[in-house]
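Listed below are the residues making up each chain.
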Amino acid sequence: MIRAWSAADVRAAEEPLLAARVPLMERASFTLATQVVRDLRARRTSVRGARVALLVGAGNNGGDALHAGAVLARRGAAVTAVLTSGRSHAGGLAALVRAGGRVVDLCASPQQPASVVQAVVQAVVQDVAASDVVLDGLVGIGARGPLRDLPADVVSGLSALSGTPEGDDRPLRAQGAWVVAVDIPSGTGVDDGFVGGPVLPADRTVTFGAAKPGLLLPPAAGLVGELTVVDIGLRLDVEPAVRRLEAADVARAWPVPGGADHKYTRGVVGVVAGTTTYPGAALLTTTAAVRAGAGMVRYRGSDDVGRAVVGARPEVVTAPGRVQSWVVGPGVPGGPDVDENGNDDGQRERGRGGLAAAAGRLGGLAGGPVPAVVDAGGLDLLEETSPPWFVLTPHAGELTTLLRSRGVDVRRADVEAEPLRWARRAHELTGATVLLKGGVTVVVGPGVAYAQADGPGWLATAGAGDVLAGVLGAMLAARSDDVVASPALAAEVAAAAVLVHGRAAHRANPGGPVAALDVAHAVPAEVAALVNSA
Ligand SMILES: NC(=O)C1=CN([C@@H]2O[C@H](COP(=O)(O)OP(=O)(O)OC[C@H]3O[C@@H](n4cnc5c(N)ncnc54)[C@H](OP(=O)(O)O)[C@@H]3O)[C@@H](O)[C@H]2O)[C@H](O)CC1
Ligand SMILES: [K+]
């Protein structure tokens, strides 16, 4: 699991070590240089003679880059530091010069007219782009807002270089430079992943002490490249702000049945999905639940859709009965376009019944509360508040509708720009666990947040959400009682379902397009690989 702490928590953890004069910067910069050497080797580039450009800001982030540059210069690299502020880290600068590094100071003659400075910036940018490695040491956890001043000019200049004809936004990659962000890609929001101005996309980010939330959250997460977390001896005893499950976490937690198990210990999933107008969602959701290892799946819907489902998945039953989780909403119409006169085959009514049972409001025969996945049209059936064992699975548009229905003035673009903020807001308003689907899927539960980036872009295809709902329904059913008893557990199971769903998509067709049903059919092999790797 990757745990990310806020800039303030990281600074608080650094304090005692700095006070004890622990050489944190030397540790950080040496490890950074070692990683750069590994990357050069992987790119078949000798360190000796390698062209290394350092983009240096005014603070300790620049200090890290300068000290790392001095290590590389001592190894024979041709290192050039581009100073973008009049206040570069003195110790780092002295170390670089002693090691034979070169310095280009963009602030050398502050009285220069802006046109001259810009001409120098353009010349420097061309040199930087011709480097083998670029270290982005402009700003780190001291960043405030989007990049400004000369740091912004340099990054904009690099980004403006003509990339590949497709307008690749990675011009440096197009020209061979390997970009390593020091601590964070400069210009990204440290604690929220916000991107409000120029950012140099990194091929690798080497972050010190602990990951920061912005490295796991969209849109910044898409600019981080490979993330390397360097231990510099920080002790972080507070709860992380954001977590990211990794394969090993899911492998360890997956419930593997034993000899005493039966369908009710493995978990029965009740599915209210699809209508005669949209029967496909019923097939996708039930197939995914079956293939994710549900003890049994009860499909609740109209007879003709039920016949189609059982025809495709003979394991599914259509009789009512006990379930350990509900999946309500895939393919069920919602919103203002629904007319209550049955164009939903009675699915909304069945969905309300399932949610009432899941909330434990029916008591008696319907049994106690069980987890529920509430997707698509099901989101319209929610009561004002829901328990945390309800997992809402909206995409950005559905979350916008949900928030606006509760009086929040928000647009889809706002939700896409700050997904964690708005998923958290929806959790606060509804009480439910909120899984906001996207390139990076964020999950917010009571006191916990996950950011998962497991799936390929190819997953943006019809029915993928129906499959995720089925996988999640099966995983919640397998741990039904625990999920109801532990408020934060639904979020962890939801993040695990997102990881399995994303990895199954990669497995279904590595590097290429996938159909939602292919993803469902790849789930068993992905689960087997995870469980057997534990
Ligand atoms: N704490 C330690 O000893 C260690 C820190 N590490 C590294 O240090 C940075 C944090 O360093 P810090 O000096 O606190 O801050 P930064 O270097 O991140 O940036 C501060 C300077 O950058 C300017 N700034 C801030 N925001 C912007 C912006 N949006 N655009 C342009 N310039 C910006 C700011 O200028 P002001 O005018 O606002 O003062 C500051 O001068 C951390 O990230 C690590 O890399 C070590 O790794 C561990 C030890
Ligand atoms: K940086």
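Residues numbered from 1 in each chain as written. Chains lettered and ligands numbered in written order. Predicted model: local features only at pLDDT ≥ 70, side-chain atom pairs only at ≥ 80, totals over all residues. Heavy atoms only, no water.

1. Let's talk about the overall build of the chain
Assigned secondary structure in the chain consists of 19 helices and 17 strands. Each of the three principal axes of the chain carries a C-alpha extent, and together these read 80 × 50 × 40 Å. Here the chain holds 534 residues, and the buried ones make up 54% of them. By sequence separation, contacts in the chain at least 24 residues apart represent 69% of the contacts at least 6 residues apart. Of the roughly 21,500 Å² of accessible surface on the chain, 52% is carried by carbon and sulfur atoms. Averaging the locations of the 48 positively and 52 negatively charged side chains of the chain gives two centres separated by 6 Å. (Helix = DSSP H or I, 4+ residues; strand = E, 2+ residues; numbered from the N terminus. Buried < 20%, exposed > 50% of the residue type's maximum accessible area, 1.4 Å probe, protein only. Contact = heavy atoms within 4.5 Å. Areas by Shrake-Rupley, 256 points an atom, 1.4 Å probe, with all protein chains shown as cover. Lys, Arg positive; Asp, Glu negative; His and termini not counted. Charge placed at Lys NZ, Arg CZ, Asp CG, Glu CD.)

2. What to know about the packing of helix α10 (residues 280-291) against helix α16 (residues 464-478)
The interhelical angle for the contact between α10 and α16, taken along N-to-C directions, is 35 degrees, at an axis separation of 7 Å. Seen along the crossing, α10 lies across α16 with a hand that is right-handed. Residues Ala281, Leu284, Thr285, Ala288 and Ala289 of α10 lie in contact with α16, whose contacting residues are Asp466, Val467, Ala469, Gly470, Val471 and Ala474. Class assignment for the residues of the contact of α10 with α16 results in 8 nonpolar, 2 polar and 1 charged. (Axes fitted to C-alpha atoms, helices over the stretch in contact; angles between N-to-C directions. Left-handed = near helix turned anticlockwise from the far one by under 90°. Nonpolar A, V, L, I, M, F, W, Y, C, P; charged D, E, K, R; others polar.)

3. Quick look at the nonpolar core
Most often, soluble globular proteins keep nonpolar side chains buried together rather than apart. In terms of nonpolar packing, the biggest core is built from 103 residues, with Trp326, Phe390, Leu399, Val471 and Leu472 touching the most fellow members. The element contributing the most residues to this core is helix α18 (residues 489-508), with 13 residues. Here this core spans two domains, since at least three of its residues come from each of domain 1 (2-243) and domain 2 (247-533). Dropping the residues within four chain positions of it, Leu472 is found in contact with Val373, Val391, Thr393, Leu435, Val493, Ala494 and Ala497. Within the second largest apolar cluster, 50 residues are counted, among which are Leu54, Ala77, Leu96 and Val224. (Core = buried A, V, L, I, M, F, W, Y, C linked by side-chain atoms within 4.5 Å. Domains from an automatic or database assignment.)

4. Thoughts on the coordination of the potassium ion (ligand 2)
Taken together, Asn61 (OD1), Asp136 (O), Val139 (O), Val182 (O), Ile184 (O) and Ser186 (OG) make up the full set of protein donors to the potassium ion (ligand 2), lying 2.6 to 2.9 Å away. Each of the 6 donor atoms bound to the potassium ion (ligand 2) contributes to angles spanning 68 to 175 degrees, and the resulting shape is irregular. Taken in sequence order, the residues that donate to the potassium ion (ligand 2) follow the motif N-x74-D-x2-V-x42-V-x1-I-x1-S. Here Asn61 is found in helix α3 (residues 60-74), whereas its partner Val182 is found in strand β6 (residues 178-182), with 121 residues between them in sequence. As far as the burial class goes, Asn61 and Val182 line up, both buried. (Donors = N, O, S within 2.8 Å, 3.2 Å for Na, K, Ca; no water. Tetrahedral: all angles 85-135°; square planar, octahedral: opposite > 155°, others 65-115°.)

5. Considerations on the sheet that holds strand β4 (residues 102-105)
Strand order in the open sheet formed by 7 strands is β4-β3-β2-β5-β6-β7-β8, with parallel pairing between adjacent strands. Each of the sheet's edge strands pairs with one partner strand only, and the pair in question is β4 and β8 (226-230). For this sheet, the mean inter-axis angle between neighbouring strands, taken without regard to orientation, is 20 degrees. Where β6 meets strand β7 (residues 204-208), 3 bridges bridge the pair, whose relative direction is parallel. Its bridge partner being in β7, Val182 is matched across the sheet by Val206. (Pairing = 2+ DSSP bridges.)

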